[in-house]
Amino acid sequence: MEEGQWDNGTSPLEFLLLGMSNDPSLQTLLFILSLIIYTTTVFGNILIVVLVVADQHLHTPMYFFLGNLSSLDTCYSSTILPRLLASFLTGGKTISAHGCIAQFYFFSSFAGTECYLLAAMSYDRYLAICQPLLYASLMTWKLSLQLAAASWLGGLLLFAVLTFLLSHLKLCGPKAIDHFFCDFTPLLELSCGDTRVLTQIALIFGFLDVVFPFLFTLASYVFIIAAILRIPSSVGRQKAFSTCSSHLTVVTIFYGTLIVVYMLPRTAPLRQLNKVFSFFYTVLTPLVNPLIYSLRNREVREALWK
C-alpha cells in the first residue's frame, strides 16, 4: 500500500484540512482576526435585515433583495468561519467526511444563490433606471418574491445534484486537503477514479449557476450605464448612478475574487495565493457587503440613524 492511501480504496471517515498557515505563532492572531470578522459580519448583516423589516421607507423591492442578500451572507459565512475558529482555538484540523460534504454543499449552494440574487438585483436596478415610468408596474411584489425564491431554490437544488455525485467518488489519495474549507477542486484531487464526467457536469452547472447570472448582470449594467450617460444633466447622472453604485461595487468585489480563485491554476507555488483570494470572497465579502450598503446608501444611513 502506498503511503497516504487507504488499504481498501474506500472513502475516509475524516479529512485533514491544512488551513491557512502551519505556523503556531499565527494561530492566536488568526483566531482573533477571524472572530472579529465573523462577529462584525453577523451583526452587520442582521442589522441590515432588521432595518429593512422595521423601516417603512425601506419596504421596496430593492431593499427586499438587500434583506435577502444580508440573510444569505450570514448563512454563507456561518458555513466556514465557526469551524475555522474552532480549528484556530483547539488546533484540531480534522473534519468528518460527512461534515466535509455538508460544508461543501451549503457553501457552494449559498454562493450559487448569491450569483442569482445579484442578477435579480441588477434587473431591479435596470428597470428602475431604464424603465422608470413602468418600474412600479413591472417590478411588483409578486415578481420580487418569485425572483428571490428562484434564487434560493436555484442554488440549493443545482448543488444538491453536484454534491450527491461528489459524495459517491472513490477517494484513495492522501486525506489531507490543502485548503481551509472543503471546496470542489481540492476534493476532486483526492479521487483515484475517473472524474471526467463529474468535471463536465460541474462545468455545466458552473455555467448555469455562475457564468449565466454574471453575463446577465453584466448586460444589465451595460444598459444601465448607457441610460445614465444619456441623461443631460450631471446632477441627474449622479443621482441615477447613486441608486446602483452600492450594488455595482458588491458585484465587482464578489465576481472579481471568484473569477481569480477558480481561474488561478492550483499549482504548488500559487496555492497559498489561491487561499488568500478564497478567504477574501468567502469570508471578507459577506463582511464588506453591509458596510458598502450602509456607507454608500443614504436611505439605509437614515434608517440606521432613526
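Along each chain, the written sequence defines residue order, and numbers are assigned to residues from 1. Totals for whole chains, interfaces and linings use all residues, but because this is a predicted model, local features are given only for residues with pLDDT of at least 70 and pairs of side-chain atoms are given and counted only at 80 or more. Neither water nor hydrogens contribute to the side-chain values; these are computed over all heavy atoms in the structure.

As annotated in an unreviewed UniProt entry, the protein chain carries the name Olfactory receptor and is attributed to Sagittarius serpentarius. UniProt positions are given in the numbering used here, feature names are shortened, and annotations may be inferred rather than shown by experiment. Under the UniProt heading Subcellular location (unreviewed entry), the entry covering the protein chain gives this text: "Cell membrane". Note on the protein chain: under the UniProt heading Sequence similarities (unreviewed entry), the record states "Belongs to the G-protein coupled receptor 1 family."

Trainee: Could you give an account of the overall build of the protein chain, naming the residues involved and the relevant values?
Mentor: Each helix and strand in the protein chain was counted, giving twelve helices and three strands. The C-alpha radius of gyration of the protein chain comes to 21 Å, within 12% of the 19 Å expected for a compact globule of 306 residues. The dimensions of the protein chain, computed from C-alpha atoms along their principal axes, are 75 × 40 × 35 Å. To sort residues, take the accessible area from a 1.4 Å probe on protein chains only and compare it with the maximum for the residue type: under 20% means buried, over 50% means exposed, and anything in between is partly exposed. Residues classed as buried in the protein chain amount to 46% of the 306 residues present. Long-range pairs, those at least 24 residues apart, make up 78% of the contacts in the protein chain between residues at least 6 apart in sequence. Entry remark: accessible area of the protein chain is about 15,300 Å², with carbon and sulfur atoms responsible for 72%. Where the 17 positive side-chain charges of the protein chain centre and where its 16 negative ones centre are 11 Å apart. In this text, helices come from DSSP runs of H or I with a minimum length of four residues, and strands from runs of E with a minimum of two, each type numbered from the N-terminal end. Taken over C-alpha atoms, the radius of gyration is set against a globule rule of 2.2 Å times the number of residues to the power 0.38. For this analysis, residues touch if any pair of their heavy atoms sits within 4.5 Å. For every accessible area listed, the method is Shrake-Rupley and the probe measures 1.4 Å; residues are considered covered only by the protein chains on display. Only four residue types enter the charge count, namely Lys and Arg as positive and Asp and Glu as negative; His and the chain termini do not. To locate a charge, take atom NZ for lysine, CZ for arginine, CG for aspartate or CD for glutamate.

Trainee: So what's going on with the sheet that holds strand E3 (residues 176-177)? Residues and values would help.
Mentor: Hydrogen bonds between backbone groups are what pair the strands of a sheet, and the pairing can be parallel or antiparallel. What makes two strands pair is DSSP finding at least two bridges between them. As summarised here, the arrangement of the three strands in space is E2-E1-E3, forming an open sheet in which the pairing is mixed. Of all the strands in the sheet, the pair left with one neighbour each is strand E2 (94-96) and E3. When strand E1 (residues 14-17) meets E3, the two strands line up parallel, connected through two bridges. Following the sheet pairing, Leu16 is matched in E3 by Ala176. Fitted lines through C-alpha atoms give the axes, limited to the stretch in contact for helices. The angle between two N-to-C directions lies from 0 to 180 degrees. Strands in contact with helix H4 (residues 97-130) are E1, E2 and E3; relative to E2, the strand with the most contacts, it is inclined by about 85 degrees.

Trainee: Tell me about the packing of aromatic side chains, residues and numbers included.
Mentor: Pairing of aromatic rings covers Phe, Tyr and Trp, the last through its six-membered ring, and needs centres within 6.5 Å; plane angles under 30 degrees mean stacked, over 60 mean edge-to-face, and all others mean tilted. Taken as a whole and assessed by the stated rule, the structure comprises 15 aromatic pairs. Measuring from centroid to centroid gives 5.1 Å for Tyr105 and Phe106, while their planes differ by 65 degrees, and the two rings are edge-to-face. Residue class for Tyr105 comes out buried when judged on its relative accessible area of 18%. Seen in terms of ring centroids, Tyr123 and Phe216 are 6.2 Å apart; in terms of plane orientation they differ by 50 degrees. Their pairing is tilted. Here Phe216 lies in helix H8 (residues 196-229) and Tyr123 lies in helix H4, a separation of 93 residues in the sequence. Using a relative accessible area of 27% as the deciding quantity, one classes Tyr123 as partly exposed. By relative accessible area, Phe216 is classed as partly exposed at 35%. Aromatic rings pair up to connect Tyr76, Phe107, Phe180, Phe181 and Phe279 into one cluster.

Trainee: An account of the nonpolar core is needed here, citing residue identities and associated values.
Mentor: For the purposes of this section, nonpolar cores are sets of buried Ala, Val, Leu, Ile, Met, Phe, Trp, Tyr and Cys residues that join through side-chain atoms within 4.5 Å. The biggest cluster of nonpolar side chains holds 49 residues, and the ones touching the most others in it are Phe65, Leu118 and Phe254. With nine residues, the single largest contributor to this core is H4. If you look at the next biggest cluster of nonpolar residues, it comprises 24 residues, including Ile101, Phe104, Leu158 and Phe205.

Trainee: Any details on the pattern of salt bridges? Residues and values, ideally.
Mentor: Salt bridges, as used here, are contacts in which a Lys or Arg side-chain nitrogen is within 4 Å of a carboxyl oxygen on Asp or Glu. Inspection of the entire model under this criterion finds two salt bridges. For Arg125, the salt bridge goes to Asp124, with nearest N and O atoms at 2.8 Å. With relative accessibility at 7%, the residue Arg125 sits in the buried group. For Lys275, the salt bridge identified is with Asp178, shortest N-O distance 2.8 Å. With Lys275 in helix H11 (residues 271-296) and Asp178 in the loop between E3 and helix H7 (184-188), this pair connects stretches of sequence that are 97 residues apart. We classify Asp178 as partly exposed; its relative accessible area is 22%.

Trainee: Any details on the packing of H4 against helix H6 (residues 141-167)? Residues and values, ideally.
Mentor: One way to put it is that H4 packs onto H6 with a least axis distance of 8 Å and a crossing angle of 150 degrees. On the basis of the axis angle, H4 is roughly antiparallel to H6. As H4 packs across H6, the resulting crossing turns out to be right-handed. Residue classes in the contact of H4 with H6 are distributed as 17 nonpolar, nine polar and no charged. Throughout this description, any angle smaller than 35 degrees is read as roughly parallel, any larger than 145 degrees as roughly antiparallel, any in the 65 to 115 degree range as roughly perpendicular, and the remainder as oblique. Definitions for this section: a left-handed crossing has its near helix turned counterclockwise from the far helix by less than a right angle. A right-handed crossing has that turn clockwise. Any residue that is not Ala, Val, Leu, Ile, Met, Phe, Trp, Tyr, Cys, Pro, Asp, Glu, Lys or Arg is counted as polar, Gly included; the first ten are nonpolar and the last four charged.

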